[in-house]
Amino acid sequence: MRHIHLEGDGKLEKSFFLMLQGGFYVECPIGTSIKEFLVDSIGIDETYLAEKISTIFLDGKCVDDIGKAVIEEGSTLALSSAMPGLAGAILKRGGPLKVMRDGISYGKEEKFLQKRKGICSIKLFNLLTEDLGPLFLKSGIYIKARDLSGLISTKSCQFLPRDATITVDGKSVDFEVLLDILKEEEDELLFFTFDVKWER
Amino acid sequence: MDKILRIDLGAEGGPKAYETPLGDYSGLGGRALTSTIVASEVPPTCHPLGKENKLVIAPGLLSGSAAAMSGRISIGCKSPLTGGIKESNAGGQPSQVLARLGYAAIVLEGKPKGDDIYRVFINKEGVKIEVDNTLKGLGNYGVVEKMRAQFGDKIACISIGQAGEMKLSGASIACTDMELRPTRHAGRGGVGAVMGSKQVKVIVLDDTGMAMRQPKDPEKFRKANTAFVEGLRKHGVTGQALPAYGTNVLANILNEAGGYPTYNFKVGRFPGTSKISGETEAALETERGGLATHGCHRGCVIRCSGIYNDKDGHYLTKQPEYETVWAHGADCGIDDLDKIAYMDFLDDDIGLDTIEMGVTIGVAMEAGLLKFGDADGAINLLQEIKKGTPLGRIIGSGAAVTGKVFGVERVPVVKGQGIPAYDPRAVKGLGVTYATSTMGADHTAGYATASNILKVGGFVDPLKPVGQIELSRNLQIATAAIDSTGMCLFIAFALLDQPETYQSLLDMINAFHGISLTSDDVVALGKKVLKTERDFNIRAGFTKEMDRLPEFFKYEAVPPHNVVFDVPDEELDSVFNW
Ligand code: SF4
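Now for a quick tour of the structure. (Residues numbered from 1 in each chain as written. Chains lettered and ligands numbered in written order. Predicted model: local features only at pLDDT ≥ 70, side-chain atom pairs only at ≥ 80, totals over all residues. Heavy atoms only, no water.)

1. Some remarks on the interface of chain A and chain B
Working step 1: In this assembly, 38 residues from chain A lie in contact with 43 residues from chain B.
Working step 2: Summed over both sides, the interface of chain A with chain B buries roughly 3,300 Å², with 70% coming from carbon and sulfur.
Working step 3: Ranking the residues of chain A by area buried against chain B places Pro84, Leu86 and Met100 of chain A at the top, with a combined share of 19%.
Working step 4: One can count one salt bridge joining chain A with chain B. (Contact = heavy atoms within 4.5 Å. Buried area = accessible area lost by both parts, 1.4 Å probe. Salt bridge = Lys/Arg side-chain N within 4 Å of Asp/Glu carboxyl O.)

So, in structure tokens, the structure goes:
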């Protein structure tokens, strides 16, 4: 698997946030609760989790109790801040209107799975992309080459500031070469990291 | 704001304006006022396009003052789409301007003889009603440009496009925004057709020389307004999510929940969601030099709207809202944001309800008239409406009519009105509201998530399971109450979580009017409005059998969660038992 690494400024990093809404993969501890995963493995602050991550879906089901909902192999975990409107209030975790979506709520029964390393998919929405995006991009995410090329192929090479650097498997390459690689391997998974080296 | 301006379009010798005191309607604003006037003055069995129907346009209780978020305008009538009572509200500038001109409402009544169309101009000198046949056949943008040339840019306009002139049931009424563009619409229920039946193309409002409305207790009012604004700014939804991304921020989460109706409600997830989400839309707007954060009227502090520019950086339309992007997008299988934005522009110009049009085109796609995903075909259908071709008139009449004409069984409507952007099988509580609302399928009918704070039907303990019927009832009551203040419904989230913000809203109303409204009074008002509306519908011939979702929702499970709408009819019938 290829490792693509970019270094640039915070503005460039921000351009990759949109990609995070479509989903990406990370290594995760299967059999642990969402709370354990986000706090212990990812390093999200507990207060932030309690106050800002107000809407959570595990495999499309609305989660109310993050201490009980368990990550399985291949699970998709979607994280969002509080959302507007009646639908937003209904989908909010533990909200007073949760009964209005009981057909799609995460079940109450506790699951016990053997704890082990695995892979799950994460989707980051709205305000959380800006807050948590840097965390994931720094430690690295697995994405389809197509998803990365989908984001950057629409941009001209001016999209990359002159002082940004791209390395593929440790070798420095330019923007066009990166595009060629992504096109050639569009169905392949790659490991992507981004480091903010300076702020403008 | 102690008088009503009535315009009798059918008066002997031509349309005449006269004023009446508020009388029994005193103390009412927004939806409470429109629905009460319609219920007491319009015969429920009249033809919606006939002389006995009335079009009532009312600002809110605090419109025209310095109160934040007070610029919604309510438009009521008997609906040509549902056959029942209708209140449809919009943002934009007209509410503030109309209130400063001193009117609690404008009522268009009667029906003109002949086929002239009229322009109404209202300023501090009075009212002028003139024939202006040069406006015939114009879209809303063209009408407003003409008004700008004639009256300058210190005006606000309420107008109809070609759809309203053709009296199509999907026709909306446009209100101009801060830039004097006709982008804010009272969309639902075919209110534009009723304005068209009165042959009034545009109402031009000019409040030059009129002062801002002053509160009875300025100091208390100022303090309450400051606290109210602080409450909105500090809340995550009203202070961050809505300003940053607009209402379309909901697309991703509804899609994730499997409640994002796709391909005419066949599935609950759309593969192209991230191409049309609020996050993508806001980024594109910023990149193209538009605006991702913008108010629809002066005095809005949430600013959930924006400006959408085309690829070359030129204005195309205002930021299309969640329901619009869904209707023209996922429901029709279209994932091209530029084409969706262009359809939003066409809807605004022709004067069409974006939800009804998206749902209708979805039904036309199901009928095989065009393929799901065919964005150019969808644009052509809107152009057909503009041209007034027979096909265009069918589409412009909404999903129920289109479904009948093309023999489609799966038509997502309640009481003839298209179901909006939340699948009622996934979010069943919303299904209860769609089914039972006095307005037909309407996502805003139970929008006031603040019912808990309002203590509608007693305090709902968040830890105690309460049925969806009870919750839907409470939400509908709370919504009717907030609609009656004329405040933007998006304040509801901050009210839900912050009791002190709700209190500051009450304080603001009380300080302004010198009254002592309590939370109980607000709830009582909400109940009264709903009762009035429901009573009108019963007198118009509605029965409990009309409080139902289309039957395919009961037996067709929606993926990915494969759920059906299984709330029993008897439970639906108990929503209005209080
Ligand atoms: S929050 Fe949005 S809809 Fe409400 S008044 Fe402001 S811009 Fe208009």
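Next, the rest of the story.
2. Things to note about the site of the ligand
Residues and elements named next belong to chain B.
Working step 1: All residues in the neighbourhood of the ligand are listed as Met69, Arg72, Gly295, Cys296, His297, Cys300, Ile302, Arg303, Cys304, Cys488 and Phe490.
Working step 2: Its atoms largely coinciding with the cavity grid, the ligand occupies the largest cavity.
Working step 3: Here the shell around the ligand is built from residues that sort into seven nonpolar, two polar and two charged. (Near = heavy atom within 4 Å. 1 Å grid on protein atoms, 1.4 Å probe; cavity = no way out; pocket = protein on both sides within 12 Å on 5 of 7 lines; lining within 4 Å. Sits in = over half its atoms within 2 Å of the grid points. Nonpolar A, V, L, I, M, F, W, Y, C, P; charged D, E, K, R; others polar.)

3. Here we look at the pattern of salt bridges
Working step 1: Taken as a whole and assessed by the stated rule, the structure comprises 49 salt bridges over all chains.
Working step 2: Between Lys14 of chain A and Glu130 of chain A there is a salt bridge; the shortest N-O distance is 3.6 Å. Placement of Lys14 of chain A in helix α1 (residues 10–15) and of Glu130 of chain A in helix α5 (residues 127–139) is noted, with a sequence separation of 116 residues between them.
Working step 3: Residue classification places Lys14 of chain A among the partly exposed residues on the basis of a relative accessible area of 45%.
Working step 4: Looking at Glu130 of chain A, the relative accessible area reads 39%, which means it is partly exposed.
Working step 5: Residue Asp423 of chain B is joined to Arg425 of chain B by a salt bridge in which the shortest nitrogen-to-oxygen separation is 2.8 Å. Here the two residues Asp423 of chain B and Arg425 of chain B agree in accessibility, since each one is buried. (Helix = DSSP H or I, 4+ residues; strand = E, 2+ residues; numbered from the N terminus. Buried < 20%, exposed > 50% of the residue type's maximum accessible area, 1.4 Å probe, protein only.)

4. Some thoughts on the environment of Gly278 of chain B
Residues and elements named next belong to chain B.
Working step 1: Residue position: Gly278 is located in helix α10 (residues 278–287).
Working step 2: In this structure, the C-alpha to C-alpha distance between Gly278 and Gly246, residues 32 residues apart in sequence, is 6.6 Å.
Working step 3: Sequence-distant contacts of Gly278, defined by excluding residues within four places in its chain, comprise Tyr245, Asn248 and Val249.

5. Notes on the side chain of Thr324 of chain B
Residues and elements named next belong to chain B.
Working step 1: With respect to the helices and strands, the residue Thr324 is situated in helix α11 (residues 322–328).
Working step 2: Given a relative accessible area of 5%, Thr324 falls into the buried group.
Working step 3: Not counting the four nearest positions on each side in its chain, Thr324 is found in contact with Gly329, Ile340, Asp344 and Thr354.

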